[in-house]
Amino acid sequence: MSAHACECYIPTCFCNLIADACRHLPVILLFVIPGVSHHACEESWEEIQSKKTIRAENEVEANKLVNNYRFGFRKWKSHVTERPFADRSEVVKELYSELNVIKPHAGQLFTCGNVLYVFLFGWWVSLAYFLVGILMFITIIGVPYCKLCWKLGCYFLWPFGNSIHKVQFVFNVGILSPLLVVQRRFSTYVWLLLGYPLLVVVHSLACFISWILVFTIPVSKMNAQTLGVILLQAPEDVSISSSSQRKVNRRFSTLLCCYHAANWYYYKYTVDGINVFAVNLLPLVIVALVIGYIDRENQYASSDVKFAIAIGSIIPLSYYIGMGIASISAQSNFAVGAVVNATFGSITELTFYITALLKGHREANPCLQEVVKAALTGTLLGCILFIPGICMIIGGLKHSEQRFNSRCTGVSSALLFISVGGVFAPTLFSKAYGNLVCDACTNSTGGNGTSNSSGPFVCHNCHYDLNNGTLFHNHVQPLVYTVSALLPVAYIIGLIFTLKTHSHIYDIHVGEGQVTGHHGTVVHWSRWRSLVILIMATVLTSACADLATEHVQPILNQPNISQYFIGVTVLAMVPEIPEIVNGIQFALQNNISLSLEVGGCIAVQVCMLQIPILVLFNAFWDVGFVLLFSDQHLWASIFSVILVNYIFMDGKSDYFQGTALVVVYLILLALYYFAPSPASC
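Residues numbered from 1 in each chain as written. Predicted model: local features only at pLDDT ≥ 70, side-chain atom pairs only at ≥ 80, totals over all residues. Heavy atoms only, no water.

## Let's talk about the side chain of K221
So, point 1. With respect to the helices and strands, the residue K221 is situated in helix α10 (residues 217-228).
So, point 2. Buried charge without a salt bridge: K221, with E98 as the nearest opposite-charge side chain at an N-O distance of 6.2 Å.
So, point 3. Side-chain polar atoms of K221 contact the side chain of Y266, separated by 3.4 Å.
So, point 4. Excluding its chain neighbours within four sequence positions, the residues that come into contact with K221 are L95, Y96, S97, L99, Y266 and Y269. (Helix = DSSP H or I, 4+ residues; strand = E, 2+ residues; numbered from the N terminus. Buried < 20%, exposed > 50% of the residue type's maximum accessible area, 1.4 Å probe, protein only. Lys, Arg positive; Asp, Glu negative; His and termini not counted. Salt bridge = Lys/Arg side-chain N within 4 Å of Asp/Glu carboxyl O. Polar contact = N/O pair within 3.5 Å; in protein donor to acceptor, adjacent residues only side chain to side chain. Contact = heavy atoms within 4.5 Å.)

## Here's the deal with the pattern of salt bridges
So, point 1. Applying the stated rule across the entire model yields six salt bridges.
So, point 2. Measuring nitrogen to oxygen at the nearest pair gives 3.8 Å for the salt bridge that ties D295 to K306. With a gap of 11 residues between them, D295 in the loop between α12 (283-293) and α13 (303-331) and K306 in helix α13 connect regions that are remote in the sequence.

## As for the packing of α12 against α13
So, point 1. Their axes nearest at 8 Å, the elements α12 and α13 cross at an angle of 145°. In terms of crossing hand, the pair formed by α12 and α13 is left-handed. Residues L284, V285, V287, A288, I291 and G292 of α12 touch α13, and the partners they reach there are K306, I309, A310, G312, S313, P316 and L317.
So, point 2. Taken together, the residues that form the contact of α12 with α13 break down as nine nonpolar, three polar and one charged. (Axes fitted to C-alpha atoms, helices over the stretch in contact; angles between N-to-C directions. Left-handed = near helix turned anticlockwise from the far one by under 90°. Nonpolar A, V, L, I, M, F, W, Y, C, P; charged D, E, K, R; others polar.)

## Things to note about the nonpolar core
So, point 1. Grouped together as the largest cluster of nonpolar side chains are 112 residues, with contacts concentrated most on L376, I384, L385, I611, L614 and F625.
So, point 2. If one sorts the elements of this core by residue count, helix α16 (residues 367-399) sits on top with 16 residues.
So, point 3. Of all hydrophobic cores here, the second largest spans 37 residues; its members include F156, F160, I164 and A206. (Core = buried A, V, L, I, M, F, W, Y, C linked by side-chain atoms within 4.5 Å.)

Shown next as structure tokens:
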């Protein structure tokens with residue numbers, strides 16, 4: 001590569017210095033982002049080294065990365081296009097391979113996964129075949145299928161290394177007597193009426209269990225192949241052989257051949273672009289809606305169970321919402337991507353918060369307002385401390401030390417300072433000018449707080465009285481509206497900074513591989529399909545959030561757990577589980593910059609978009625939401641922002657720094673766990 005070619009992504013003042021090194025670098029293709037030579041001398045050599053090259057296979061993926069990385073929106077999802085199967089690693093190819101290929105070298109068959117298969121599936125599937133075989137033997141006419149069942153019973157007890165074939169016999173139709181034809185036909189009818197339905201139940205159950213366990217998906221494939229193909233063959237056409245006994249004197253085609261019952265890498269398995277864990281959690285949505293809206297009297301499930309299922313169902317729905325956002329953004333222009341991200345980026349959390357506030361207003365229960373504030377603070381703390389911390393730990397254990405663009409992180413840190421300062425400004429203002437009022441004060445001598453009493457006083461339920469006088473209506477409330485108007489403006493200015501005036505800080509290079517553009521690229525979801533799924537997932541999220549808030553009260557009434565703790569943990573972090581998974585995946589790929597952006601973008605959105613939207617909603621529909629936080633929320637958030645900015649200063653990360661962030665997060669959780677419940681609860 002020439003020095004001139006190097007200019008498209010390395011500052012000019014360094015090009016001559018490292019021209020020789022550039023010859024050994026892979027060819028880099030740049031999408032959308034122009035050259036940055038006029039900013040060249042502003043960046044140090046360490047910052048250039050810290051820039052990561054993000055590779056994409058086609059222009060659609062590149063567009064998705066540009067939208068995500070430069071917008072600063074929070075939904076980071078996997079590929080929105082189908083990756084060429086030939087370009088995948090051998091490990092991934094093994095995940096999607098059919099179980100009908102005989103391998104010359106199967107490797108070790110006596111593995112922990114295979115032994116576990118015998119105890120989880122093999123013995124009872126084999127027993128079912130022997131029982132069905134006895135049933136077919138009793139019918140006399142079903143004896144051929146009896147023999148097939150006994151052979152398959154032995155096979156499914158330990159199928160590894162053995163194979164099932166379809167024997168290709170060549171019959172002369174003329175030599176088959178009519179009686180033999182009729183006998184075969186009746187035996188098939190008996191099999192389809194008596195034997196096959198029983199085995200359908202057995203294999204369906206084994207298929208379901210092994211699919212839910214994810215890592216045993218090969219067992220699910222094996223049962224599905226048996227149910228759909230093997231059991232529908234004529235019994236004389238099915239042959240079973242071991243790895244050491246291959247039929248060589250007959251022509252045959254392999255129907256089933258399995259070597260391993262489990263594979264650790266199935267956590268990467270996707271169905272139509274959606275991770276298998278999100279697919280497996282989707283039935284929770286149906287269960288939540290059925291038991292939530294049908295069993296109103298809690299006859300079949302308690303409120304605790306309904307709440308847990310409703311909260312759990314939000315996890316796959318948030319993943320589908322994120323996938324829909326990423327798909328539409330990747331296939332649309334800049335403006336459409338911005339609108340979709342801004343509209344649906346926080347829809348999961350806002351749906352839950354607004355539903356809880358409406359329920360608290362209807363039932364005159366101010367405790368739900370405190371729970372919403374705790375959830376907002378918990379999301380902020382989790383995204384500032386836990387998500388970057390766990391990503392640093394996992395990424396540091398694999399890559400020792402990881403680097404990220406400190407200038408890029410500096411912009412996010414500045415936005416965090418502005419966000420936290422703006423959100424907690426009304427709280428600081430109320431503490432500076434509000435009157436401290438206590439419900440009851442007594443002294444050690446038993447006095448009631450009069451002037452004649454002496455000794456130290458003990459006061460209970462002290463708080464700042466804002467309703468006394470005109471402080472709240474004339475001073476605090478206007479400040480809340482002012483802050484809520486300024487925070488989105490600061491967010492927009494941050495976007496202009498990253499998108500226009502200083503876009504060189506966020507250069508994204510899409511490299512290595514032939515870029516195909518939109519033509520020849522197979523997208524998982526089209527724009528219209530993504531929009532339909534996005535709307536459906538949003539509606540279902542609203543329904544599940546309504547169920548969660550309806551059944552949250554028994555959880556809040558737990559005497560040993562503070563409502564603060566429930567808000568900052570369960571209600572705050574459960575919807576963010578898909579983002580935590582995505583951040584960890586980026587860290588494992590040595591893209592720690594993206595891992596840090598995941599948490600930072602969510603935290604900024606909480607302060608600069610979600611909270612102003614809640615204030616705006618309260619202005620039009622008074623649900624009693626006041627932007628005043630407790631002392632715990634205030635100081636925990638401020639301390640967390642200061643700490644994370646100190647950690648990010650050097651542009652390097654390792655597992656020790658990540659451990660520090662996670663430990664601080666756990667300390668704050670312990671503080672909330674042992675804290676007294678809010679006065680309104």
